[in-house]
Amino acid sequence: MATNLLKSYFPMIQSREEILQRIYTNPRMQQLFESWTVLQQKEFLDFCSGARGIKVLYDSFFKEVMNPEYDPTRLESFLTALLNRKVRIKEVLPNDSTRLSDESSLLITDIIVELEDGSLANIEVQKIGYAFPGARCACYSSDMLLRQYKRVRQRSIDPVTGRDTFSYRNISKVYLIVLYEKSPDELKKCPDHWIHRSKVSFDSGLSMDLLHDYIFISLDIFRSKMHNKKVTTLLEAWMIFLSIDDPDEIIRLITSFPQFKPMYETLYQMCRNVENIMGFFSEELREMDRNTVRYMIDELQKEVDVQNATIAENTAVIAEMNAAIAEKESLIAEKDSALAEKDSALAEKDSALAEKDSALAEKDSALAEKDSLLSKSAATIAALQAELSRLKNL
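The paragraphs below set out a description of the structure included in this document. (Residues numbered from 1 in each chain as written. Predicted model: local features only at pLDDT ≥ 70, side-chain atom pairs only at ≥ 80, totals over all residues. Heavy atoms only, no water.)

## Some details on the packing of aromatic side chains
Phase 1 of the analysis: Applying the stated criterion to the full structure yields 24 aromatic pairs.
Phase 2 of the analysis: Taking 6.2 Å as the distance between ring centres and 20° as the angle between the ring planes, the aromatic pair formed by Y149 and Y168 counts as stacked. Within this pair, whereas Y149 is found in helix α8 (residues 133-155), its partner Y168 is found in the loop between α8 and β4 (174-180), the two being separated by 19 residues in sequence.
Phase 3 of the analysis: The exposure class assigned to Y149 is partly exposed, which follows from its relative accessible area of 27%.
Phase 4 of the analysis: The exposed category is assigned to Y168, whose relative accessible area is 61%.
Phase 5 of the analysis: Within the aromatic cluster, the residues linked to one another by ring pairs are Y24, F33, W36, F44, F47, Y58, F61 and F281.
Phase 6 of the analysis: Sitting over the face of the ring of F166, R153 holds its NZ or CZ atom 4.4 Å from the ring centroid. (Phe/Tyr/Trp six-rings, centres within 6.5 Å; stacked < 30°, edge-to-face > 60°. Helix = DSSP H or I, 4+ residues; strand = E, 2+ residues; numbered from the N terminus. Buried < 20%, exposed > 50% of the residue type's maximum accessible area, 1.4 Å probe, protein only. Lys NZ or Arg CZ within 6 Å of the ring centre and 35° of its normal.)

## A look at helix α12 (residues 247-256)
Phase 1 of the analysis: Along α12, the positions that sit buried rather than exposed are P247, I250, I251, L253 and I254. Projection of α12 onto a plane perpendicular to its axis shows the buried side chains occupying an angular sector of 160°, all on one side.
Phase 2 of the analysis: For α12, the side-chain oxygen to backbone nitrogen distance between the N-cap and D248 is 3.2 Å, and the N-cap itself is D246. (Arc of directions from axis to C-beta. Polar contact = N/O pair within 3.5 Å; in protein donor to acceptor, adjacent residues only side chain to side chain.)

## Digging into the pattern of salt bridges
Close approach of charged atoms allows side chains with opposite charge to pair.
Phase 1 of the analysis: Taken as a whole and assessed by the stated rule, the structure comprises 21 salt bridges.
Phase 2 of the analysis: Between D46 and R16 there is a salt bridge whose closest N-O contact spans 2.5 Å. Of this pair, D46 sits in helix α4 (residues 38-49) while R16 sits in helix α2 (residues 16-24), and the two are 30 residues apart along the sequence.
Phase 3 of the analysis: Taking relative accessible area as the criterion, D46 reaches 8% and is therefore assigned buried.
Phase 4 of the analysis: Residue E249 pairs with R252 through a salt bridge whose shortest N-O separation is 3.1 Å. Of this pair, E249 and R252 both sit in helix α12, separated by three residues, roughly a single helical turn.
Phase 5 of the analysis: We classify R252 as partly exposed; its relative accessible area is 48%. (Salt bridge = Lys/Arg side-chain N within 4 Å of Asp/Glu carboxyl O.)

## Some words on the packing of helix α5 (residues 59-66) against helix α6 (residues 72-83)
When two helices pack together, their arrangement is captured by the angle between the axes and the distance separating the axes.
Phase 1 of the analysis: At a minimum axis separation of 7 Å, α5 and α6 run at an interaxial angle of 100°. Compared by their axis directions, α5 and α6 come out roughly perpendicular. On α6, the residues that touch E64, V65 and M66 of α5 are R74, L75 and F78. (Axes fitted to C-alpha atoms, helices over the stretch in contact; angles between N-to-C directions. Parallel < 35°, antiparallel > 145°, perpendicular 65-115°, else oblique. Contact = heavy atoms within 4.5 Å.)

## Re the pairing of β4
Phase 1 of the analysis: Most of β4 sits out of view: seven of its seven residues are buried.
Phase 2 of the analysis: One ladder, built from seven bridges, connects β4 with strand β6 (residues 212-218); its direction is parallel. The partner of V174 across the bridge, within β6, is H212. (Pairing = 2+ DSSP bridges.)

## A few points about the nonpolar core
Phase 1 of the analysis: Ranked by size, the top nonpolar core spans 72 residues in total, and within it F44 and F78 carry the most contacts.
Phase 2 of the analysis: Element by element, the count of residues in this core is highest for helix α11 (residues 234-243), at seven residues.
Phase 3 of the analysis: Other than its neighbours up to four places away in sequence, F44 contacts I19, I23, F33, W36, V274, I277, M278 and F281.
Phase 4 of the analysis: Ranked by size, the runner-up nonpolar core spans ten residues in total, among them I112, L145, V152 and I171. (Core = buried A, V, L, I, M, F, W, Y, C linked by side-chain atoms within 4.5 Å.)

Purely geometric numbers; function is a separate question.
Set out below in structure tokens:
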């Protein structure tokens, strides 16, 4: 029913049977189709036949429908709703930044435009929220500001006189706009907000524009927040267009905001060229595989970093415990030494007391002998006195 409903709005949509017939009448297309998993085959057939809506964030689809070189009004409408001011695109800049090649591979889409007021806007799409998003975005924004500085510097030199009229007041703001299909952990910590706007501020209240503005959009959080809610603003409509593939939602979107219908027509017209769209989809799958591997590497590195930090923390705790144990052992050793000294002193006192006891015992023995002699002498005297008394009485 959903397929027929979408086909009533977009008659160029082919049926599943027509698509399969084209695939199986071309050996190269058949070989590529059969190299995909069953789920990948179903996904391809679903969006081509209208059973599901097209995933606009796929690189080829996004660039086709949003490329300002084809139709600048679409990206201008998106930026106008996002920046809350009328936006006109002056020029599309090439992706010749100084980013390393492996950094660039992390991005599904990267469009850089110069706006009418001279400011630059970098619109990026990331399907996976990579580790260290703050550091990455700061580097990307600085790279964009440096590119603008070089451009302004070149334009300020008069080709005839060679006079340099450069002024920093000619450097305009740079906007880094990142659309996350799967938000990084930092953004998931704010589940009540799907859009984050950042400006550099000072705690003193100082007002100074440092030219870097960041806008992070969590499309997964947006989908959860907008479930069963009516879309009322153009910005919300753009988020629906970029993140929803439900046919009923698409019908409601183009009914309320008819400006999106030509964009879907562009995408479904692309799907009529089955061979090309298979190539686009196959490249998308390869890119997703590469990014998934990189994401897993980042996640493993985060785990390793956490484990290393835990090990370092535990090592520090163990070192503190060892130091405390060593200190206690030192105190115990000091106490043992003091006790040993006391024991030695007591032993010396015991020895002296033993000597005194021995001397007293010898004195007691001598006194006992004297007492015995005195007793014997007294007995002899008594006997003599008795004999003397007897003799007198004769």
